[in-house]
Amino acid sequence: MVKVSKARAEFPKNAGIKKGIAIRKKYCIFLNDFSETMVYPKDIDFASLGMLRGSKPPADTELSVEIDRQKAHFFCMKYLITTILLVFASLSFAFAANDSSKLPVSVFTSDTLIRDARISPNGAYLAIVSRIDGDEKLIILDMKTRRPISSFYVQGKNRSFGDVDWVTENRFVYGTLESYPWDNTPRNTGELIGANVDGSKHKHLLGWKAGISGIGSNIRKPDNDYGFHEIVDLLPEDKKNIIVAFYPWRASGNLWTINEKALPILYRLNVLSGKKKKLGKLPAPLAKALADSNGDVRFSVSLNNQLKTEVHYRQTVSADWERFSIAGTDGLPITPISFSADNQSIFFSAHVNNGTLGVYRLNLSDKTTKLVFHDESVDPSRYIFDLTARNLVGLATEIGQPKYHYIEPSDHKIVLHRTLQKMFPDHDAVITSSTRDGRKSLALITSDTNPGDFYLFHRDEKRLEYLFSYMKPIDPTEMRESKPVTFRARDGLQLHGFLTLPELQTNKLPLVLYVHGGPHFVRDRWAFDPIVQLFAHYDYAVLRVNFRGSAGFGQAFEEAGHGQWGGTMQNDLTDAVLALVNEGVVDPNRICIFGASYGGYAALMGAAGEPDLFRCAIGSSGVYDLPMMFEKGDIRRTSAGIEYLKQTLGTEEESQRVRSPTYNAHKMTGNILLLHGSADQRAPIEQANAMKAALNRSGKAYEWLEIKGEGHGFFDEKNRELAYRRILTFIDANIGSVGELGPVKAID
């Protein structure tokens, strides 16, 4: 029996995207007090507002009948970034089609328009990372004039921005990513660069270019740092310095790679001069550092050779590191989350009875612990920290739409978050950044049908202001809800997933079973997924399943997938589909299985194991030969990677062969499409070539698309559109209409 969550009310569909944008520019959303009541201009068109992602308030919400229009106009955003407006204008044609038309594939495969935005410590500026025509630009926006005061790209070809963090009101730091002509995969360069808001005084602070005498120079100094970094604490009380952990690389032939044996180095880094002071080392390789409320690093968290968590602790920064354990957690590993504001206790997570994670509070003086939160069905998926970003105040869990649990209900950030969740009840609110006094906060509002809108909350005026959207204009009313579903596997294990139905809902719909990658440490979530929406928009039902082995449902659930690639993990997918067939939701003759990475593996194993169920199978960037994973690919290059393969795949090579699609090609009867990037390091092209050779030996027809320069996924916007056009065409040909299964010509 499949259980489907109660459907939400549909937004009306009688307004166009261009009208909605005009409304957003004309009006702001106000709060008449801080008790979570929304106020609108009295003549606002709710149909248009709802269409534009901001949902209509609950029935019991008070509406204002008077408002100062001049004030509203003054406070609303009068200027958008010129380049963003140009992009909006160039895309408006895609939304002029009537209800019977289909949006182009490019709408779903396009790059994000605004990837990140952060407000400065005092609220005078906004740092925006925008992608236009394939290149990322960092724009610093003056919040008074709403005009850019500086904008720039990362110097060099094929380079983009990593994280952007404000250090002071006038200076920020950013990391960098780089791809190559032969590999489009963005990779962390390890660099940390500082700049002023007007674009002046750019300086390499950390990384292999830190010894170069300024931007644009090739004169090197002898103290270049070859490695990557993590910012541990921004030290808001310090106007010049931050704390970073530096992870050295080692030379491997002509390349630099992770040094698994080197201890991370802690530095106090001057963001103006680039000078750094060594503060010591973390006690274990690749360990993560946790600072207390004063910015002192006192916890270290790492994984040992058996992939078990190890925690070290020191009472002061001058004390020695010691192994840390807590009685009363059944001997299971713990993971520190944060210190309390007074540094007298810590919050940590640990598995409860080998099940899901609980959150505990430990008194550091008397070592007593208290269970603060535990859900027997699901792990915490996200933590909320206070305005200092140091102290835990809330958390979220996700079986379906995220649910929030507030540890400190009176904390300012929690009060704001609770307000946002009530204002947008069918959405998820994430406060991405705030001023240090909490007077202004930037929030990203998303849902399963909405890729995201950025809003600015003004605490003193009790006002919420729309700024811009995450992706190019997508009308959420054209998107389809992803409804949580639960069902029982054949052995009785309860499983969770999401079912997305097309607009034209009839009995016995064609289905795409969309299998997530990973498969461990990964799960499907209630969120906007452009590929799910692409399939649903083109009239296919889409099912996603958190099969055993997926993350987020407890230790026992995840470990139940170890050694079960092609076994019970595969059975879970089959059982989910059969449940929908038995309910009459899905046409048993029109089912296609698709996935990338592990999902590609599962797709081909589905074709081999259930040839009468899956009419077609699509593998993208897939793993098809399990023994090959120990011989090729980047996972095997580290000792932790080898241990991961042993735990999840087992060590018996014959068992691995039995569970490999390449050794089961002769069982496949449905049509096959293989897509792969030539530069894939995680699942090298040899994996796809081995699958192609096995199909050739078995005389099986298939389609083939190799995309030059792509890695583990399709990062170039044009390549992504090419891949999904091919996938959609293949699906249409196989399950788009009822008919006899015809042969598919192999395309090389």
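Keep in mind the model is a prediction, meaning the values are calculated, not measured.

### Re the overall build of the protein chain
A tally of regular secondary structure across the protein chain gives 14 helices and 39 strands. Counting over 748 residues, the protein chain shows a buried share of 57%. In the protein chain, of all internal contacts separated by at least 6 residues, the share reaching a separation of at least 24 is 56%. Summed over its atoms, the accessible surface of the protein chain is roughly 31700 Å², and 50% of this surface lies on carbon and sulfur atoms.

### Brief notes about the state of the cysteines
With the rule as written, the count across this model stands at 1 disulfide. With its sulfur 2.3 Å from that of its partner, C592 forms a disulfide with C616. On the criterion of sequence distance, the pair formed by C592 in strand 36 (residues 586–596) and C616 in strand 37 (residues 616–620) is long-range, its members being 24 residues apart. With relative accessibility at 0%, the residue C592 sits in the buried group.

### Here's the deal with the pattern of salt bridges
According to the stated counting rule, one finds 34 salt bridges in the structure shown. D437 is the partner of R439 in a salt bridge, and the nearest nitrogen-oxygen pair spans 3.8 Å. Three or more residues joined by partner-sharing salt bridges are found here, namely R382, E398, D428 and R525.

### Describing the packing of helix 7 (residues 530–537) against helix 14 (residues 717–735)
Helix 14 packs onto helix 7 with a crossing angle of 35° between their chain directions and a minimal axis gap of 11 Å. In this structure, helix 7 crosses over helix 14, and the sense of that crossing is right-handed. Residue-level inspection shows I531, L534 and F535 of helix 7 in contact with helix 14, the latter providing Y724, I727, L728 and I731. Across the contact of helix 7 with helix 14, the residue classes break down as 7 nonpolar, no polar and no charged.

### Concerning the packing of aromatic side chains
One pass over the structure, following the stated rule, counts 28 aromatic pairs. Ring geometry for Y226 and W256: centres 4.4 Å apart, planes at 15°, overall stacked. With a gap of 30 residues between them, Y226 in the loop between strand 11 (203–206) and strand 12 (227–233) and W256 in strand 14 (residues 255–258) connect regions that are remote in the sequence. W256 gets classed as partly exposed once you look at its relative accessible area, which sits at 43%. Taking the centre distance of 5.6 Å and the plane angle of 50° together, the rings of F299 and F339 count as tilted. Taken together, the positions of F299 in strand 18 (residues 297–303) and F339 in strand 21 (residues 334–339) put the pair 40 residues apart, joining distant regions of the chain. A network of ring pairs unites the aromatic residues Y125, F152, F161, W166, F172 and Y174 as a single cluster.

### Comments concerning the pairing of strand 29 (residues 440–446)
Burial analysis of strand 29 places 6 of its 7 residues in the buried class, the great majority of the element. Across 6 bridges, strand 28 (residues 428–434) lies against strand 29 in antiparallel orientation. Bridged to V430 within strand 29 is L444. Hairpin connection from strand 28 to strand 29: 5 residues lie between these consecutive antiparallel strands, with G438 at a positive phi of about 80°. Two strands pair when backbone bridges link them, and strand 29 and strand 30 (residues 453–458) are joined in this way by 6 bridges, in the antiparallel orientation. Of the residues in strand 30, the one forming a bridge with S441 is F457. The turn joining strand 29 and strand 30, which pair antiparallel and follow one another in sequence, is formed by 6 residues; a positive phi near 140° is taken by G452.

### Here's the deal with the packing of helix 9 (residues 568–582) against helix 10 (residues 598–609)
In the contact formed by helix 9 and helix 10, the axes pass within 11 Å of each other and the chain directions differ by 75°. In terms of orientation, helix 9 and helix 10 fall into the roughly perpendicular class. Side by side, helix 9 and helix 10 meet where M569, Q570 and L573 of the first sit next to Y598, Y601, A602, M605 and G606 of the second.

### Observations concerning the side chain of T446
Inspection of the secondary structure puts T446 in strand 29. Residue contacts for T446: discarding those within four places in its chain leaves H427, D428, P451 and G452.

### A closer look at the environment of R439
Residue position: R439 is located in the loop between strand 28 and strand 29. Separated by 317 residues in the primary sequence, R439 and N122 place their C-alpha atoms 8.8 Å from one another. Excluding residues within four positions of it along the chain, R439 makes contact with F457, H458, R459 and D460.

### Section: unusual backbone geometry
The omega angle of the peptide bond from G518 to P519 is -5°, so this bond is cis rather than trans. Examined against the element boundaries, P519 turns out to sit in the loop between strand 34 (509–515) and helix 7. Of note, N158 is a non-glycine position whose phi angle comes to about 60°, a positive value. Within the fold, N158 resides in the loop between strand 7 (147–152) and strand 8 (159–166). The partly exposed category is assigned to N158, whose relative accessible area is 40%.

### Remarks on the sheet that holds strand 20 (residues 322–323)
If you trace the 4 strands from one edge of the open sheet to the other, you get 17-18-19-20, paired in antiparallel fashion. In this open sheet, the two strands that pair with only one neighbour each are strand 17 (288–291) and strand 20. Relative to strand 20, strand 19 (residues 309–313) runs antiparallel, the two being bridged by 2 bridges. Counted as the bridge partner of Y313 is E322 from strand 20.

### Some remarks on the confidence of the model for the protein chain
Per-residue pLDDT for the protein chain averages 84, and the proportion of residues at 70 or more is 82%. In the predicted structure, residues 4–100 sits below a pLDDT of 50 and forms 186 contacts with residues beyond four places in sequence or in another chain. Throughout residues 738–748 the model reports pLDDT below 50, and contacts reaching past four residues in sequence, or to other chains, amount to 22 contacts.

### Describing the sheet that holds strand 9 (residues 171–180)
Strand pairing in a sheet takes place through backbone hydrogen bonds and is either antiparallel or parallel in direction. Reading across from one edge, 8-9-10-11 is the order of the 4 strands in this open sheet, with antiparallel pairing throughout. Since the sheet does not close on itself, it has two edges, and those belong to strand 8 and strand 11, each with one partner. Geometrically, the sheet is characterised by an average inter-axis angle of 40° between neighbouring strands, direction not taken into account. In terms of strand pairing, strand 9 meets strand 10 (residues 183–196) through 8 bridges, oriented antiparallel. Across the sheet, residue F172 finds its bridge partner in strand 10, namely A195.

The rules behind the values
- Residues numbered from 1 in each chain as written.
- Predicted model: local features only at pLDDT ≥ 70, side-chain atom pairs only at ≥ 80, totals over all residues.
- Heavy atoms only, no water.
- Helix = DSSP H or I, 4+ residues; strand = E, 2+ residues; numbered from the N terminus.
- Buried < 20%, exposed > 50% of the residue type's maximum accessible area, 1.4 Å probe, protein only.
- Contact = heavy atoms within 4.5 Å.
- Areas by Shrake-Rupley, 256 points an atom, 1.4 Å probe, with all protein chains shown as cover.
- Disulfide = S-S within 2.5 Å.
- Salt bridge = Lys/Arg side-chain N within 4 Å of Asp/Glu carboxyl O.
- Axes fitted to C-alpha atoms, helices over the stretch in contact; angles between N-to-C directions.
- Left-handed = near helix turned anticlockwise from the far one by under 90°.
- Nonpolar A, V, L, I, M, F, W, Y, C, P; charged D, E, K, R; others polar.
- Phe/Tyr/Trp six-rings, centres within 6.5 Å; stacked < 30°, edge-to-face > 60°.
- Pairing = 2+ DSSP bridges.
- Parallel < 35°, antiparallel > 145°, perpendicular 65-115°, else oblique.
- pLDDT = per-residue confidence, 0-100.

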